Structures are given as structure tokens and as C-alpha cells.
Amino acid sequence: MIRKFDLVIAGGSFAGLACARTAALRGLKVAVLDAKKEPGARIRTTGIVVKEASDDFDLPARLMRKVRGVRLYAPDDRALDLHAPGYFFQATDTAGVLRWMAEEAERAGAELMYGMRFENALEYDGGVSLPGLHARFLIGADGARSRVAEHFGLSRNRRFLTGLEIECEELGGFDQRFLHCFADSAIAPGYIAWVVPGLGVTQIGLAASKPRKPDLSGLLRRLKAFCDVRRIKVIERRSGLIPSGGTLGNLGTRRVMLVGDAAGMVSPMTGGGIHTALHFGRRAAQLASDWLDDRGPHPVAALKREAPRYGAKLAMRRMLDMAPSNLLINTLLMTAPMRTLAQRLYFHTRASDGIPFEDRAVEQEPPKQTVTLHLI
Ligand SMILES: Cc1cc2nc3c(=O)[nH]c(=O)nc-3n(C[C@H](O)[C@H](O)[C@H](O)COP(=O)(O)OP(=O)(O)OC[C@H]3O[C@@H](n4cnc5c(N)ncnc54)[C@H](O)[C@@H]3O)c2cc1C
């Protein structure tokens with residue numbers, strides 16, 4: 001028997017689950033297929049969420065930990081502290097966030113089919129036929145190496161960063177208020193290495209622009225200055241590809257559309273794609289439902305108009321891909337223009353208030369009052 005859906009989504013991660021929830025809330029009959037056995041299995045991301053994403057999506061605070069500043073290290077270990085008033089990043093229990101998103105999508109009415117891989121389908125005028133399923137519209141939210149893009153001859157990501165991470169039992173030695181970022185072309189050519197004080201764990205990772213490879217052993221050698229690396233207890237290892245070529249050109253056909261990493265919607269500079277996956281996952285659902293039910297504009301054209309273009313960030317990515325020498329990084333990183341650039345990259349357009357991080361009180365003490373008691 002063929003089961004009929006309005007919308008089938010291949011990929012049940014950030015983009016796919018945000019899409020599924022919104023589409024189901026709008027009354028579409030929705031199915032999500034994912035090759036993983038359950039939501040939150042085989043995580044391939046550090047999972048840092050920018051403030052805007054946790055604001056827009058009301059993600060549960062119990063699954064996140066605020067990190068307010070960035071400590072950026074040059075190869076010679078000099079460090080620069082960056083922060084902006086009112087801004088923070090959220091380290092997440094990523095598996096927990098994805099499980100929560102899956103529950104929310106299910107509660108809205110979407111049917112989740114984990115352990116089912118999208119392999120092939122047939123598109124015709126009225127929809128898309130998949131093995132055992134029929135969809136009026138298909139969304140490919142199946143990540144950097146999208147099978148949906150490949151099968152339907154859509155644009156595919158060609159430029160990548162290769163990311164590698166270990167999640168460890170919580171480590172001392174790192175100031176918990178900061179994301180610790182290491183600019184070092186010897187170990188992370190084209191990108192950076194990082195130590196994230198996470199939710200009861202410490203995440204240590206790095207990425208390099210492909211075909212170069214990140215050097216995790218080199219990073220651990222560098223971290224000897226901060227902690228006893230022999231005592232690191234690894235809980236989990238992760239690796240994955242981060243698209244770095246910007247939003248793709250051909251995002252769909254009449255009945256098929258790509259979103260999230262599958263569409264290349266990742267900042268080529270920071271490698272951050274969770275916020276765009278959540279935002280455009282939800283938009284894809286709105287656009288598909290407007291088209292299917294209300295004769296709205298075609299979703300592919302509308303998504304293409306709204307999608308980020310990353311103009312200046314793509315130009316900067318090309319420069320970083322050349323992996324500037326550590327000598328050059330040591331010379332430039334502490335200069336005022338580089339500080340401004342780093343501030344803009346990490347905190348978008350927010351400027352620092354110039355108050356040293358240590359001196360900024362997060363909570364203000366209530367003013368002291370003198371209370372006079374009048375005895376009757
Ligand atoms: C090492 C690393 C660290 C990162 N750190 C950050 C970070 O800290 N902050 C940030 O914002 N971004 C980060 N990113 C990028 C971020 O993880 C992605 O942009 C984000 O996960 C994209 O979400 P998505 O839903 O589009 O795709 P994905 O999260 O990649 O999900 C794709 C889903 O599709 C499924 N799938 C794949 N093929 C098929 C198929 N054929 N059939 C069915 N299902 C399929 C997969 O199982 C997966 O669940 C990082 C990436 C990497 C690799």
C-alpha cells in the first residue's frame with residue numbers, strides 16, 4: 001500500500017525537524033525520513049547555537065549553557081578577549097536538542113520515520129513517488145552530501161571544511177566563560193581549533209579546508225599548556241563536512257527543494273549552519289504550504305530570493321583557504337583592525353562596550369537603602 005503525504009522531508013536534523021513541525025502545524029500531512037536510527041544519534045556538530053537562534057526558536061534552557069565571550073589565541077599563545085554587551089553563545093546538549101525537536105515535530109502531527117534512508121524517487125507533474133510513499137512535495141534536508149540533490153540533478157556542495165571533534169569529560173584549565181578559539185595554520189589550516197566548555201563536558205575540535213586535514217594530535221600537544229592532556233577521557237568522537245562554498249545555485253525542481261546544509265546555507269567564514277538550518281527549515285515549510293494550499297509563489301524561487309548570499313564572507317573564505325602562515329597570524333592578530341574584524345565575525349555587528357570582561361557585573365546588586373522603623 002502506498003502511503004500519501006503532502007510533504008515528505010528527507011533528513012531529520014535541524015532543518016528537517018524545524019520544517020516538519022511548522023508544516024504539520026499548518027495542517028500538512030508530513031513524514032520525515034532519516035537514515036539514523038533515532039533523533040540525536042551520530043551527532044556531527046559542535047552544536048553551538050548563536051543567541052539569535054535560541055531567541056527565535058525558544059530552545060529549552062535546560063539543554064544549553066551560555067558562554068559569553070570568545071578568547072582568541074594566536075599561534076604564539078597571546079590571547080584576545082572578545083565580547084559584546086547582551087550577547088552570548090549557547091553550548092548545547094545537541095543530542096538532547098534534536099530529541100526535543102523531534103518530540104515537538106511529532107506533537108505537531110508529523111510522522112517520523114528514523115532508520116529509513118532516501119535513495120531514489122520519481123518526480124512527475126502531481127508529486128513525487130518514493131518506495132511505499134507518495135508526496136505532493138519533497139524537501140531534501142539531508143545534509144552536506146545530499147542524496148536528494150544528487151538524485152534530482154540539483155546543485156551540490158563542492159567546497160568543504162573537514163571538522164573533527166572529541167567530546168570529553170569536563171576539563172579544568174579553561175576559563176568556562178569563554179569559547180577558546182585557536183588560529184593556527186599548522187593544525188587547522190583554513191579554519192580554527194576550539195575548546196568549548198559545554199554542558200557537563202568539554203568539546204575539543206578543529207577543522208581545515210579540504211583537501212587539507214585537521215591535526216588533532218597537534219592540537220592536543222598545544223593544549224598541554226592548559227591542562228594535563230593525558231587525563232582527557234574521551235566520551236565521543238565526531239567528524240563531518242561543513243559546506244563552505246555558500247548557498248547553491250539550483251535549489252529545486254517543481255516538486256523538490258533543498259534546504260539547510262543540503263542547500264549550502266552555512267556561513268563560509270564561521271562554518272555555522274544551525275541557525276540558518278532552523279530558520280530556512282521553517283521558511284521552507286511555510287513556502288511549501290503556501291504553494292500547495294493557497295497558490296502562493298513557487299517555493300524554490302521564493303527560497304532562492306531569501307537565502308543568504310554570503311558575498312563578503314565568500315571572499316574572505318577564499319583568503320583563509322590559502323592558510324596564512326603562523327608568522328603572519330602572529331603579526332596581525334593583535335592589531336586593532338584584526339580585532340575589529342574578529343569582533344564583527346563573532347558578534348555580528350555588535351561592538352564591545354570597552355569594559356573589561358572581568359569588570360562587567362552580570363547582575364546588579366540592589367541599591368542599599370536605609371530603612372527607618374517607627375515604633376508605635
Ligand atoms: C564538526 C562540525 C562542527 C560544527 N559546529 C557547528 C556549530 O558549533 N554551530 C553551528 O551553527 N554549526 C556547526 N556546524 C554546522 C552544522 O552542524 C550544520 O550546518 C547543521 O547541522 C545543518 O543542519 P541540517 O539539518 O541542514 O543538516 P544535518 O545536521 O547534516 O542533518 C542531515 C540529516 O540528514 C540525514 N540524512 C543524510 N542522508 C540521508 C538520506 N539519504 N536519507 C535520509 N536521511 C539522510 C542525516 O542522518 C542527518 O540527520 C558544524 C559542522 C561540523 C561538521
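You'll find the structure just up there.
Residues numbered from 1 in each chain as written. Predicted model: local features only at pLDDT ≥ 70, side-chain atom pairs only at ≥ 80, totals over all residues. Heavy atoms only, no water.

A. Looking closely at the overall build of the chain. Looking only at helices and strands, one finds 10 helices and 17 strands in the chain. Rg of the C-alpha trace for the chain: 23 Å, near the compact-globule value of 21 Å for 376 residues, within the 12% margin. C-alpha extents for the chain along the principal axes are approximately 75 × 70 × 40 Å. Here the chain, with 376 residues, has 53% of them falling under the buried criterion. For the chain, restricting intrachain contacts to residue pairs at least 6 apart in sequence, the fraction spanning at least 24 positions comes to 75%. Counting every atom, the chain has about 18,100 Å² of accessible surface; 52% of that belongs to carbon and sulfur. Put simply, the chain has 53 plus and 40 minus side-chain charges, and the middle of one group is 4 Å from the middle of the other. (Helix = DSSP H or I, 4+ residues; strand = E, 2+ residues; numbered from the N terminus. Rg over C-alpha atoms; globule rule 2.2 N^0.38 Å. Buried < 20%, exposed > 50% of the residue type's maximum accessible area, 1.4 Å probe, protein only. Contact = heavy atoms within 4.5 Å. Areas by Shrake-Rupley, 256 points an atom, 1.4 Å probe, with all protein chains shown as cover. Lys, Arg positive; Asp, Glu negative; His and termini not counted. Charge placed at Lys NZ, Arg CZ, Asp CG, Glu CD.)

B. View of the pairing of strand E11 (residues 133-140). With seven of eight residues buried, E11 lies mostly within the body of the structure. In terms of strand pairing, strand E1 (residues 3-10) meets E11 through seven bridges, oriented parallel. Bridge pairing in E11 links Leu7 to Phe137. Both strand E10 (residues 127-130) and E11 contribute to a ladder of three bridges, which runs antiparallel. Bridge pairing in E11 links Val128 to Ala135. The loop that links E10 with its antiparallel partner E11 comprises two residues; one of these, Gly132, has a positive phi angle of about 80 degrees. (Pairing = 2+ DSSP bridges.)

C. Examining helix H6 (residues 274-294) more closely. For H6, spanning 21 residues, the distance from its first C-alpha to its last is 29 Å, which sits close to the expected 30 Å at 1.5 Å a residue. Backbone geometry just downstream of H6 places Arg295 in the positive-phi region, at approximately 55 degrees. (Expected span 1.5 Å × (residues − 1).)

D. A look at the site of the ligand. The full set close to the ligand counts 32 residues, and Ser13, Asp34, Ile48, Phe118 and Asp261 are the nearest of them. One of the backbone N or O atoms of Phe14 is found 3.2 Å from an oxygen atom in the ligand. In this structure, Gly47 approaches the ligand through a main-chain N or O atom, which is 3.4 Å from an oxygen atom. For the shell around the ligand, the elements supplying multiple residues, two or more each, are helix H1 (14-25), strand E2 (30-34), strand E16 (234-243) and H6. Looking at which element gives the most residues to the shell around the ligand, the answer is E16, with three residues. Of the residues assigned to the shell around the ligand, the class counts are 13 nonpolar, 12 polar and seven charged. (Near = heavy atom within 4 Å. Polar contact = N/O pair within 3.5 Å; in protein donor to acceptor, adjacent residues only side chain to side chain. Nonpolar A, V, L, I, M, F, W, Y, C, P; charged D, E, K, R; others polar.)

E. Spatial organisation of a positive patch on the surface. Together, Arg145, Arg156, Arg158, Lys210 and Lys213 give the surface a local cluster of positive charge. With respect to the secondary-structure elements, Arg156 resides in the loop between helix H4 (147-151) and strand E12 (160-169). Looking at Arg156, the relative accessible area reads 34%, which means it is partly exposed. (Patch = residues over 30% accessible without salt bridge, like charges linked within 9 Å, V, L, I, M, F, W, Y side chains within 5 Å. Salt bridge = Lys/Arg side-chain N within 4 Å of Asp/Glu carboxyl O.)

F. Local environment of the packing of H1 against H6. Interaxial distance between H1 and H6 falls to 7 Å at its minimum, and their mutual angle equals 35 degrees. As H1 runs across H6, the sense of the crossing is right-handed. Within the contact between the two elements, H1 uses Phe14, Ala15, Ala18, Cys19, Thr22 and Ala23 and H6 uses Ile274, Ala277, Leu278, Gly281, Arg282, Ala284, Ala285 and Gln286. Grouping the constituent residues of the contact of H1 with H6 by class yields 10 nonpolar, three polar and one charged. (Axes fitted to C-alpha atoms, helices over the stretch in contact; angles between N-to-C directions. Left-handed = near helix turned anticlockwise from the far one by under 90°.)

G. Examining the environment of Arg317 more closely. Its place among the elements puts Arg317 in helix H8 (residues 311-321). In contact with Arg317, not counting residues within four places along its chain, are Leu161, Gly190, Tyr191, Ser209, Ser244, Pro268 and Met269. There is a polar contact of 2.7 Å between the side chain of Arg317 and the side chain of Asp321.

H. Highlighting helix H5 (residues 216-223). Listed as buried for H5 are Leu216, Gly218, Leu219, Arg222 and Leu223. Buried residues along H5 cover an arc of 155 degrees about the axis, so they all sit on one side. Check the buried side of H5 and you find it contacts strand E5 (69-73), E12, strand E13 (178-182), strand E14 (193-197) and strand E15 (201-209). Here H5 starts with a cap whose side-chain oxygen sits 3.3 Å from the backbone nitrogen of Ser217, and that cap is Asp215. (Arc of directions from axis to C-beta.)

I. Just the side chain of Ser244, in detail. Within the fold, Ser244 resides in the loop between E16 and strand E17 (256-258). Exposure remark for Ser244: the relative accessible area of 2% places this residue in the buried category. Setting aside residues up to four positions removed in sequence, Ser244 forms contacts with Arg159, Phe160, Leu161, Pro268, Leu314 and Arg317.

J. Structural detail: the pattern of salt bridges. Evaluation of the coordinates by the stated rule reveals 21 salt bridges. Arg147 is paired through a salt bridge with Glu150; the nearest N and O atoms lie 3.2 Å apart. Pair noted here: Arg147 and Glu150 are both in helix H4, with a separation of three residues, about one helical turn. In this structure Glu150 comes out as partly exposed when scored by relative accessible area, which is 38%. For the salt bridge of Arg283 with Glu306, the shortest nitrogen-to-oxygen distance reads 2.6 Å. With Arg283 in helix H6 and Glu306 in helix H7 (residues 299-306), the pair connects residues that are 23 residues apart, well separated along the chain. Taken together, the shared-partner salt bridges connect Glu165, Glu167, Glu236 and Arg238 into one network.

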